[in-house]
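As a plain string of letters, each chain reads:
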Amino acid sequence: MFGRKRENDGEKGFFLKLKESLTKTKENLVKKVDTLLLGSKEINEEFLEELETILISADIGIKATQKLVQRVKDKALRKELEQPDLVKDYLKKEVLAILQQQEHPLVIPGNGLFTIMTIGVNGTGKTTTIAKLAKKWSEQGRHVLLVAADTFRAAAVDQLEVWGKRVGCEVIKQRMGADPSAVVFDAVQAAKSRHVDIMIIDTAGRLHTKVNLMEELKKIKRIIGREVEGAPHETLLVLDATTGQNGINQARQFKEALGVSGIVLTKLDGTAKGGMIIGISEELQVPLRYIGIGEKIDDLREFQAEDFVEALFS
Ligand SMILES: Nc1nc2c(ncn2[C@@H]2O[C@H](COP(=O)(O)OP(=O)(O)O)[C@@H](O)[C@H]2O)c(=O)[nH]1
Ligand SMILES: [Mg+2]
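Residues numbered from 1 in each chain as written. Chains lettered and ligands numbered in written order. Predicted model: local features only at pLDDT ≥ 70, side-chain atom pairs only at ≥ 80, totals over all residues. Heavy atoms only, no water.

Undergrad: What should I look at first to understand the environment of aspartate 307 in this one?
TA: Following the sequence through the fold, aspartate 307 ends up in helix α13 (residues 305-313). For aspartate 307 and glycine 205, which are 102 residues apart along the polypeptide, the C-alpha to C-alpha distance reads 31 Å. Discounting chain neighbours no more than four positions away, the residues touching aspartate 307 are Phe15 and Leu18. (Helix = DSSP H or I, 4+ residues; strand = E, 2+ residues; numbered from the N terminus. Contact = heavy atoms within 4.5 Å.)

See the structure below:
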């Protein structure tokens, strides 16, 4: 009995933490919709325009905003949505549908070496996310190896090493300024001889030399693809939710240059721009794997559309 109760409390705490981290996004989106609904008697052009303004300023993006507004309008015209107070439930359902399109958790097969290459601009949370994932998978009994292929800054290697020690994972590194592909090549040999299950590669993200960065990342991809069948098995783009539309533009560039198989959206806690996740889902058409809701090692969640929408709207 007691055990069961504690388990329930744990689940409740889990959900409450998510809800708490989405507070500002909720204020910027759902609360504003609430206010609009309170002041509206019917769904007319003015109402739709205001709804559009709210959605755009909540960083949902043009495409998803137009889709949502059009849906509300169509439904109102068909007389299926006559009272404004029904709009919120309808929006919730539609947002859920958009997010569910990209709810595809990362599944790592139990046999063979699985390689993950994380990419994204500086400061989005790549290294921190790697540490969070390494802890999660180590605890599940997987042998995880970390690779310091951000050789651009000495501090980047040190940071990964500190995290590696903390979560009990070995880090493969070379001196600062080394060719990142060479580090990855070494790491693959180490991974093969040590029967590693999951290898996670940390990469650089300097923006000011973008062309070189993309070339460097492409080279890492080529090298690892040559050494391990099907690698990288996951190209994980890390995006910072506080960057709103900018982040979506960055994502497009990475997707075009390298291909992206999954997205992590970090820093959802404390930002009002979390609506960006709806835009990402609609515009990028890439699976949303994880969300970051804090700086601590356990503040990473597998993305679940239903939980997310419930936390946002409830
Ligand atoms: N609040 C918050 N901070 C985060 C999250 N993920 C990363 N950070 C912080 O973002 C900063 C940059 O992270 P880092 O992993 O070094 O980014 P990188 O340059 O992409 O490797 C650090 O201060 C992290 O603690 C998150 O989900 N929430
Ligand atoms: Mg880093």
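So, next bit.
Undergrad: What exactly am I supposed to notice about the confidence of the model for the protein here?
TA: Low pLDDT marks stretches whose predicted atomic positions should not be read closely. Looking at the protein as a whole, the pLDDT averages 93, with 96% of positions reaching at least 70. Note on residues 1-7: pLDDT under 50 across the span, and zero contacts to partners over four residues away in sequence or across chains. (pLDDT = per-residue confidence, 0-100.)

Undergrad: Would you mind going over the sheet that holds strand β1 (residues 114-119) with me for this structure?
TA: Working definition: the strands of a sheet are paired by backbone hydrogen bonds and lie parallel or antiparallel to each other. Judged by pairing direction, the sheet is mixed, and its eight strands sit side by side in the order β3-β2-β4-β1-β5-β6-β7-β8 without closing on themselves. What marks the edges here is a single partner per strand, and that holds for β3 (170-172) and β8 (300-302). With strand direction ignored, the average angle separating the axes of adjacent strands in the sheet is 25 degrees. Relative to β8, strand β7 (residues 288-292) is paired through three bridges, and the arrangement is antiparallel. Of the residues in β8, the one forming a bridge with tyrosine 290 is glutamate 302. (Pairing = 2+ DSSP bridges. Axes fitted to C-alpha atoms, helices over the stretch in contact; angles between N-to-C directions.)

Undergrad: Could you clarify how one ought to interpret the pattern of salt bridges in this entry?
TA: If the charged atoms of two oppositely charged side chains come close together, the side chains can form a pair. Evaluated as defined, the whole model comprises 20 salt bridges. As a salt-bridge pair, arginine 78 and glutamate 80 come within 3.1 Å of each other at their nearest N and O atoms. Residue lysine 219 pairs with aspartate 179 through a salt bridge whose shortest N-O separation is 2.8 Å. In this pair, lysine 219 sits in helix α10 (residues 210-227) while aspartate 179 sits in the loop between β3 and α9 (180-193), placing the two residues 40 residues apart along the sequence. Using a relative accessible area of 32% as the deciding quantity, one classes lysine 219 as partly exposed. A relative accessible area of 33% means that aspartate 179 is categorised as partly exposed. In the salt-bridge network here, residues are joined through shared partners; they are Lys75, Arg78 and Glu80. (Salt bridge = Lys/Arg side-chain N within 4 Å of Asp/Glu carboxyl O. Buried < 20%, exposed > 50% of the residue type's maximum accessible area, 1.4 Å probe, protein only.)

Undergrad: I keep staring at the packing of helix α4 (residues 45-57) against helix α5 (residues 62-77) and nothing clicks. Help me out?
TA: The packing of two helices is summarised by the inter-axis angle and the distance between the axes. Packing of α4 against α5 brings their axes to within 9 Å, and their N-to-C directions diverge by 155 degrees. Between α4 and α5, the interaxial angle falls into the category roughly antiparallel. Like other packed secondary-structure pairs, α4 and α5 cross with a definite hand, here right-handed. Between α4 and α5, the contacting residues are Glu45, Leu48, Leu51, Glu52, Leu55 and Ile56 on the first element and Ile62, Thr65, Leu68, Val69, Val72 and Lys73 on the second. Split by residue class, the contact of α4 with α5 holds eight nonpolar, one polar and three charged. (Parallel < 35°, antiparallel > 145°, perpendicular 65-115°, else oblique. Left-handed = near helix turned anticlockwise from the far one by under 90°. Nonpolar A, V, L, I, M, F, W, Y, C, P; charged D, E, K, R; others polar.)

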